[in-house]
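Remarks on the overall topology
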Amino acid sequence: MLQPLVLVLVSPMGVFLISAVRNLFCAAFIVSYCDECGFNDLGKLLFAGLAAAILVGIAVSVIVRKRKDSHTQTSGFVSIRETDRKR
């Protein structure tokens with residue numbers, strides 16, 4: 001059970017994903033480091049992060065909806081029978 005996980009983690013894509021997550025954590029640590037920020041400013045930072053996450057979610061959902069609407073709609077019905085049968 002552990003062997004497939006190890007194979008995925010040592011694959012090039014797994015190594016890339018692990019390094020991307022590590023870089024993301026390092027960037028978050030650098031951005032969040034603030035000498036002037038005290039415990040009282042934590043609420044403001046959390047509120048700003050929540051507001052940013054909500055705005056990003058709304059933007060992504062609007063973009064996805066516009067992309068979905070811009071594509072031509074095809075019929076949802078798929079027939080398994082031939083339409084041009086030669087008898």
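Attention in this report is confined to the structure presented alongside it. Quick caveat, the model's predicted, so the values are computed rather than measured.

About the cut-offs
- Residues numbered from 1 in each chain as written.
- Predicted model: local features only at pLDDT ≥ 70, side-chain atom pairs only at ≥ 80, totals over all residues.
- Heavy atoms only, no water.
- Helix = DSSP H or I, 4+ residues; strand = E, 2+ residues; numbered from the N terminus.
- Buried < 20%, exposed > 50% of the residue type's maximum accessible area, 1.4 Å probe, protein only.
- Areas by Shrake-Rupley, 256 points an atom, 1.4 Å probe, with all protein chains shown as cover.
- Patch = residues over 30% accessible without salt bridge, like charges linked within 9 Å, V, L, I, M, F, W, Y side chains within 5 Å.
- Salt bridge = Lys/Arg side-chain N within 4 Å of Asp/Glu carboxyl O.
- Contact = heavy atoms within 4.5 Å.

Quick word on the overall build of the protein chain
The helix and strand tally for the protein chain stands at 3 helices and 0 strands. Ordered by position in the sequence, the α and β elements of the protein chain form the string α-α-α. Per-residue burial over the protein chain gives 1% buried out of 87 residues. As presented, the protein chain carries roughly 8900 Å² of accessible surface, and 69% of it is formed by carbon and sulfur atoms.

Let's talk about a nonpolar patch on the surface
Together, Leu2, Leu5, Val6, Leu7, Leu9, Val10 and Ile18 make up an exposed nonpolar region whose accessible area comes to about 660 Å². Of the residues forming the nonpolar patch, the biggest block, 6 residues, is contributed by helix H1 (residues 2-10). Along the chain, the position of Leu9 falls in helix H1. Judged by its relative accessible area of 39%, Leu9 falls in the partly exposed class.

Some details on the environment of Val15
Topologically, Val15 is positioned in helix H2 (residues 12-32). By relative accessible area, which is 44% here, Val15 ends up partly exposed. Those residues in contact with Val15 that lie beyond four places of it in its chain are Leu9 and Val10.

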